[in-house]
Amino acid sequence: GAGVSQSPSNKVTEKGKDVELRCDPISGHTALYWYRQSLGQGLEFLIYFQGNSAPDKSGLPSDRFSAERTGGSVSTLTIQRTQQEDSAVYLCASSPQNRAGTEAFFGQGTRLTVV
Amino acid sequence: TQLLEQSPQFLSIQEGENLTVYCNSSSVFSSLQWYRQEPGEGPVLLVTVVTGGEVKKLKRLTFQFGDARKDSSLHITAAQPGDTGLYLCAGFRAGSYQLTFGKGTKLSVIP
C-alpha cells in the first residue's frame, strides 16, 4: 500500500523478553518518527530519523530502548527486557522532509502488552 | 511539564452545539498543526497554521494561530456525531527536530 505500515499490529510479550517493532514508511520520505501513546495520553516523542541517522534520540525513556533505520527506509524499534510500564501503542510516522509545517503521515500503530 | 497544553481534556456535547478546543504553550512555535485520531488508527492531519494571527477554515472547523505563535484554537460549529474523536495539536519549536504533541481533547458528540 501507499501508507505507513507497522508490524505487528498487536504484540503480547512476557516481562523480561525483548521485542522488535517494525515501521515501513512511505517511499521517498526522508524523515521518520517514533511515538508512544499510553491510554488516555497524547503522543510521547521517542526518536527522529533523517535518512539513516538519528539527530534526536532525546525521547527514548531508557537504555532498554533503541532504534535503527536502514537504507533510508525501514525502521526497527527494539525494547529489551520489557517491563509492564512499556505497555502502550507505538506509532510511527514519516514525512517528506523535516521542516516546520510538513505533514506527518502515521501508521496504525503496534499495541504492545507486557504481561 | 507538557510543552503543549490542551483544554479541555474531555468534552461531551449534543449534536448541533458549538465548541472550542485550546492549545497553549509558553514557547514560540514555527507552526502548529491539528490532527484528529480515531480509535485504532494513527492521527490524521486536519490543518497547518504558520503565520501569527492566521485563521483557516475547513468546512465547519475554524482554526486560529495566536499572534505570538504560542497558542492555537479549534472551533467546531454545529457539531456532528462524525466529529467524535481525539483532537491533537502539534508543532515544531524553532531549531527543534521534535514534532511535539499535546495530550489531546477527546470529543464525543451525542446524536
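As a reminder, the structure under discussion sits directly above these lines.
What you are looking at is a predicted structure, and each value in this text was computed from that prediction instead of being measured.

**Quick look at the overall build of chain B**
1) Next: Within chain B one finds zero helices and eleven strands.
2) Next: Along chain B, helices (α) and strands (β) appear in the sequence β-β-β-β-β-β-β-β-β-β-β when read from the amino end.
3) Next: Over its C-alpha atoms chain B spans a radius of gyration of 13 Å, differing by no more than 12% from the 13 Å that the globule rule assigns to 111 residues.
4) Next: Relative to its full complement of 111 residues, chain B shows a buried share of 44%.
5) Next: Here the analysis covers contacts within chain B between residues at least 6 apart in sequence; of these, 55% occur between residues at least 24 apart.
6) Next: Only carbon and sulfur atoms are counted for the fraction: they give 50% of the accessible area of chain B, which is about 5,300 Å².
7) Next: Mean positive and mean negative side-chain charge positions of chain B (10 and 9 charges, respectively) differ by 5 Å.

**Details of the state of the cysteines**
1) Next: With the rule as written, the count across this model stands at two disulfides over all chains.
2) Next: Covalently, Cys-23 of chain A is tied to Cys-92 of chain A through a disulfide, its sulfur atoms 1.9 Å apart. Linking Cys-23 of chain A and Cys-92 of chain A, the disulfide has an S-S dihedral of approximately -65° and is accordingly described as left-handed. Residue Cys-23 of chain A is found in strand β3 (residues 19–24), and its partner Cys-92 of chain A is found in strand β9 (residues 88–95); the two are separated by 69 residues along the sequence.
3) Next: In this structure Cys-23 of chain A comes out as buried when scored by relative accessible area, which is 0%.
4) Next: Cys-92 of chain A sits in the buried class, given a relative accessible area of 0%.
5) Next: Covalent S-S linkage joins Cys-23 of chain B and Cys-89 of chain B, the inter-sulfur distance amounting to 2.0 Å. Measuring handedness by torsion sign, the sulfur bridge of Cys-23 of chain B and Cys-89 of chain B sits at about 75° and is right-handed. With Cys-23 of chain B in strand β3 (residues 19–24) and Cys-89 of chain B in strand β9 (residues 85–93), the pair connects residues that are 66 residues apart, well separated along the chain. Pair check on accessibility: Cys-23 of chain B and Cys-89 of chain B agree, each one buried.

Calculation criteria
Residues numbered from 1 in each chain as written. Chains lettered and ligands numbered in written order. Predicted model: local features only at pLDDT ≥ 70, side-chain atom pairs only at ≥ 80, totals over all residues. Heavy atoms only, no water. Helix = DSSP H or I, 4+ residues; strand = E, 2+ residues; numbered from the N terminus. Rg over C-alpha atoms; globule rule 2.2 N^0.38 Å. Buried < 20%, exposed > 50% of the residue type's maximum accessible area, 1.4 Å probe, protein only. Contact = heavy atoms within 4.5 Å. Areas by Shrake-Rupley, 256 points an atom, 1.4 Å probe, with all protein chains shown as cover. Lys, Arg positive; Asp, Glu negative; His and termini not counted. Charge placed at Lys NZ, Arg CZ, Asp CG, Glu CD. Disulfide = S-S within 2.5 Å.

Keep in mind these numbers describe shape, not what the thing actually does.
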